[in-house]
Amino acid sequence: MGKKLGGGEEELPLFETKEARFRGASKVFVSTVFVGICLIWVYRLTHIPRAGEKGRWAWIGMFMAELWFSLYWILTQSSRFRVVYNYPFKERLSYRYKEKLPDVDIFVCTADPKLEPPTMVINTILSCMSYNYPPEKLSIYLSDDGGSELTYYALLEASSFSKHWIPFCKKFNVKPRSPGAYFAQQIDGGQDITYAQEWFAMKKLYKELENRIDLAIEMGKIPEETRDQRKGF
């Protein structure tokens, strides 16, 4: 199962192969269809109109068409008679071929902070930043056609929050990786106490981030302290 290379982690298979369920029922169905096809052939061959009878060539034409499609069906069953599925181990693929992975650019577009709330936009940004992909090969761009300073402020806040969110995602293999969607779920009671503590701490940080952005949108302006610290406003 999977190509094996020499030494350590590289000897592990890249995928596992599993046979499809209900293969026995599928084989029975295929066999009955094949028997039906054979009976049609026998019927066509034993009931061909004699020479000079009306419809002889139409009968032969139909038989040739049925013969062609039947042969095609039989040939296609070679790939369906024993169906298997390959499930890749994504972590091993990423580890083994890390140096060969291509650079990826992701563009997130927005235009109006009223129709597309900045909180929703930064959730998309944070989700992309948390991808299980080499960070040096991942670039994320936000295109704001409206040029809103509120969106820019939300992006700055998300940049600070990402320093906590991304390590949290990698440590606990968080899914989904959009903080808004993730914290809308109930905490998994089966996890240990460390996870629970970090979960609540991270949720608190996110709610504070969300409140700061919502407050700026409600007031319609950026906090003066932030404006003085940043030259982009």
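I will try to describe carefully the structure that is included in this document. (Residues numbered from 1 in each chain as written. Predicted model: local features only at pLDDT ≥ 70, side-chain atom pairs only at ≥ 80, totals over all residues. Heavy atoms only, no water.)

1. Remarks on the packing of aromatic side chains
Inference 1: Counted by the stated rule, this structure contains 14 aromatic pairs.
Inference 2: Ring centres 4.9 Å apart and planes at 20° place the aromatic pair Phe-107 and Tyr-141 in the stacked group. Pair noted here: Phe-107 is in strand S3 (residues 104–110) and Tyr-141 is in strand S4 (residues 138–144), with a separation of 34 residues, a long-range link.
Inference 3: For Tyr-141, a relative accessible area of 38% gives the class partly exposed.
Inference 4: Between Phe-168 and Phe-172 the ring centres are 5.2 Å apart and the planes differ by 55°, which places this aromatic pair in the tilted class. With Phe-168 and Phe-172 both in helix H5 (residues 149–172) and 4 residues apart, the pair spans about one turn of that helix. (Phe/Tyr/Trp six-rings, centres within 6.5 Å; stacked < 30°, edge-to-face > 60°. Helix = DSSP H or I, 4+ residues; strand = E, 2+ residues; numbered from the N terminus. Buried < 20%, exposed > 50% of the residue type's maximum accessible area, 1.4 Å probe, protein only.)

2. A look at the nonpolar core
Inference 1: Phe-161, Trp-165, Phe-168, Tyr-182 and Phe-183 are the most contacted members of the largest nonpolar core, which has 17 residues in total.
Inference 2: Elements that contribute at least two residues to this core include exactly helix H4 (118–129), H5, helix H6 (179–183) and helix H7 (193–219).
Inference 3: Excluding residues within four positions of it along the chain, Tyr-182 makes contact with Trp-165, Phe-168, Val-174, Lys-175, Pro-176, Tyr-195 and Trp-199.
Inference 4: Counting 5 residues, the second largest nonpolar core, distinct from the first, contains Ile-106, Val-108, Cys-128 and Leu-138. (Core = buried A, V, L, I, M, F, W, Y, C linked by side-chain atoms within 4.5 Å. Contact = heavy atoms within 4.5 Å.)

3. A word on unusual backbone geometry
Inference 1: Cis rather than trans, the peptide bond between Lys-175 and Pro-176 has omega equal to -5°.
Inference 2: In this fold, Pro-176 is placed in the loop between H5 and H6.
Inference 3: Positive phi, close to 50°, is recorded for Asn-173, a residue that is not glycine.
Inference 4: Position of Asn-173 relative to the elements: it lies in the loop between H5 and H6.
Inference 5: Note on Asn-173: relative accessible area 47%, which makes it partly exposed.

4. A short note on the environment of Tyr-97
Inference 1: Position of Tyr-97 among the secondary structure elements: in the loop between helix H3 (90–96) and S3.
Inference 2: For Tyr-97, a relative accessible area of 28% corresponds to the partly exposed category.
Inference 3: For the pair Tyr-97 and Arg-44, spaced 53 residues apart in the sequence, the C-alpha separation amounts to 57 Å.

5. Concerning the state of the cysteines
Inference 1: Applying the stated criterion across every chain, the model contains 0 disulfides.
Inference 2: Cysteine Cys-128 shares no disulfide, and the gap to the nearest cysteine sulfur, in Cys-109, comes to 11 Å.
Inference 3: Of the cysteine sulfurs around Cys-169, a residue in no disulfide, the closest is that of Cys-128, at 12 Å.
Inference 4: A residue is classified by how much of its surface remains accessible, and Cys-169, at 0% relative accessible area, is buried. (Disulfide = S-S within 2.5 Å.)

6. Let's talk about H5
Inference 1: In a regular helix each residue adds 1.5 Å, so 24 residues correspond to 34 Å; H5 covers 34 Å between its end C-alpha atoms and thus fits that length.
Inference 2: Of the residues that open H5, the one with a side-chain oxygen 3.1 Å from the backbone nitrogen of Leu-150 is Ser-148.
Inference 3: Two residues or fewer after H5 comes Asn-173, characterised by a positive phi angle close to 50°. (Expected span 1.5 Å × (residues − 1). Polar contact = N/O pair within 3.5 Å; in protein donor to acceptor, adjacent residues only side chain to side chain.)

7. Observations concerning the pattern of salt bridges
Pairing between side chains of opposite charge can happen when their charged atoms approach one another.
Inference 1: Considering all chains together, one arrives at 5 salt bridges under this definition.
Inference 2: The partner of Lys-18 in a salt bridge is Glu-16, with the nearest N and O atoms 3.9 Å apart.
Inference 3: Judged by its relative accessible area of 26%, Glu-16 falls in the partly exposed class.
Inference 4: The residue Glu-198 makes a salt bridge to Lys-171 at a minimum N-O spacing of 2.5 Å. Taken together, the residues span a long stretch of sequence, with Glu-198 in helix H7 and Lys-171 in helix H5 at a distance of 27 residues.
Inference 5: By relative accessible area, which is 25% here, Glu-198 ends up partly exposed. (Salt bridge = Lys/Arg side-chain N within 4 Å of Asp/Glu carboxyl O.)

8. Side note on a negative patch on the surface
Inference 1: Together, Glu-99, Asp-103, Asp-105 and Glu-136 make up a region of like negative charge exposed at the surface.
Inference 2: One can find Glu-99 in the loop between H3 and S3.
Inference 3: The exposure class assigned to Glu-99 is exposed, which follows from its relative accessible area of 70%. (Patch = residues over 30% accessible without salt bridge, like charges linked within 9 Å, V, L, I, M, F, W, Y side chains within 5 Å. Areas by Shrake-Rupley, 256 points an atom, 1.4 Å probe, with all protein chains shown as cover. Lys, Arg positive; Asp, Glu negative; His and termini not counted. Charge placed at Lys NZ, Arg CZ, Asp CG, Glu CD.)

Any functional reading would require information beyond the geometric quantities listed.
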